[in-house]
Amino acid sequence: MTIKPLIILPDPVLRQKSRPFEGIDAQALKLAGDMLDTMYHAPGIGLAAIQVGVAARLLVLDVAPKEASPDPRIFFNPEILWRSDERSVYDEGCLSIPEYYAEVERPKRIGLRYVDEHGVCMEMEADGLLATCLQHEMDHLDGILFIDHISKLKRDMVIKKFKKRAKGMQESAAVL
Ligand code: NI
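Procedures and definitions
Residues numbered from 1 in each chain as written. Predicted model: local features only at pLDDT ≥ 70, side-chain atom pairs only at ≥ 80, totals over all residues. Heavy atoms only, no water. Donors = N, O, S within 2.8 Å, 3.2 Å for Na, K, Ca; no water. Helix = DSSP H or I, 4+ residues; strand = E, 2+ residues; numbered from the N terminus. Buried < 20%, exposed > 50% of the residue type's maximum accessible area, 1.4 Å probe, protein only. Salt bridge = Lys/Arg side-chain N within 4 Å of Asp/Glu carboxyl O. Pairing = 2+ DSSP bridges. Axes fitted to C-alpha atoms, helices over the stretch in contact; angles between N-to-C directions. Contact = heavy atoms within 4.5 Å. Phe/Tyr/Trp six-rings, centres within 6.5 Å; stacked < 30°, edge-to-face > 60°.

With that out of the way, let us pick up the coordination of the nickel ion. Only C94 (SG), H136 (NE2) and H140 (NE2) from the protein coordinate the nickel ion, and they sit 2.1 to 2.3 Å from it. On the primary sequence, the residues serving as donors to the nickel ion are separated as C-x41-H-x3-H. With H136 and H140 both in helix α2 (residues 128-141), this residue pair falls 4 residues apart, about one helical turn. When sorted by exposure, H136 lands in the same class as H140, which is buried.

Dropping the structure here:
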C-alpha cells in the first residue's frame, strides 16, 4: 500500500496534458493501485494520475455509496464518445483543491471508451454521479480543473487563496 503525495493548486503540474498509455504493464497497474490507496486514504471518490504528479491518461474512482461495499474502478486512456444534451448539477470538490466546493453543471450522461486493467478496450454508458466524476477526472487529463467551469470571479478568488496558502507553507518550512 503506497499513499502518494497529492499535487495541490496552484502547482502548474496540474495544468499539464497527460499522455496516453501504449500498453498496460505491471508499472501501470502498480500506479493504478497506488492511486486507489491514495484516493481512499484522502478520502475521495476519484483521482487522476496527474494529481500524484504522473502525466499519464489514467483515472481511478469509486462512487459506491458509503454503506455499500467498495467498488474500485480503473480507467486507462478514457475517451468520451458522446454527451447528453440533458445536464445535471453537482456540488464538486477536488483533492487538489482541498476544502473548496462549488456547483458545476455538466452533461448528465456520457458514453465512454477506455482500456481496463486487463488491457481490454471497453465501452460503457454513465449517468448521474458516475458521469460527473468521470468528466471531472477526464478534465484533469487535459489540465482542466473544476474551477474552470465556475465564474471567473469565483475562480480568481480560489486561486488567490491557494497561492497565499502555498506561500504560507513555504515560509513556515523555511523557519524549520
Ligand atoms: Ni479533481
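That was the structure; now back to the text.
As a further point, take the pattern of salt bridges. This model, assessed by the stated rule, comprises 12 salt bridges. With its nearest N and O atoms 3.1 Å apart, the salt bridge here joins R57 to D142. In this pair, R57 sits in the loop between β1 (46-48) and β2 (58-61) while D142 sits in the loop between α2 and α3 (152-175), placing the two residues 85 residues apart along the sequence. Exposure remark for R57: the relative accessible area of 14% places this residue in the buried category. We classify D142 as partly exposed; its relative accessible area is 32%. Residues E171 and K167 are paired through a salt bridge, measuring 3.7 Å at the closest nitrogen-oxygen approach. In this pair, E171 and K167 both sit in helix α3, 4 residues apart, roughly one turn of the helix.

The side chains of a regular strand alternate, first on one face of the sheet and then on the other. Residues L58 and V60 line one face of β2 and the alternating positions L59 and L61 line the opposite face, and both faces are buried. Here 3 bridges tie β1 to β2, and the two strands are oriented antiparallel to one another. If you follow L47 over to β2, its bridge partner there is V60. Where β2 meets strand β3 (residues 73-83), 4 bridges bridge the pair, whose relative direction is antiparallel. Paired with L59 across the two strands is F75, which belongs to β3.

Our next topic: the sheet that holds strand β7 (residues 121-127). Strands sit in the order β1-β2-β3-β6-β7 across an open sheet of 5 strands; the sheet is antiparallel. Every other strand in the sheet has two partners, leaving β1 and β7 as the edge strands with one partner each. Within the sheet, the average angular offset between the axes of one strand and its neighbour, ignoring direction, is 40°. Sheet topology places β3 next to strand β6 (residues 109-115); 5 bridges connect them, and they run antiparallel. Following the sheet pairing, W82 is matched in β6 by G111. Against the sheet, α2 touches β1, β2, β3, β6 and β7, its axis set at about 120° to β7.

Its place among the elements puts E79 in strand β3. According to the relative accessible area criterion, E79 is partly exposed, its value standing at 42%. With near-sequence residues (within four places) excluded, E79 lies in contact with G111, L112, R113 and M138.

Okay, the packing of aromatic side chains next. Throughout the structure, instances matching the rule amount to 3 aromatic pairs. Look at F21 and F76: their rings are 5.0 Å apart centre to centre, the planes differ by 80°, and that puts the pair in the edge-to-face class. With a gap of 55 residues between them, F21 in the segment before α1 (26-41) and F76 in strand β3 connect regions that are remote in the sequence. The two residues F21 and F76 agree in class, both being buried.

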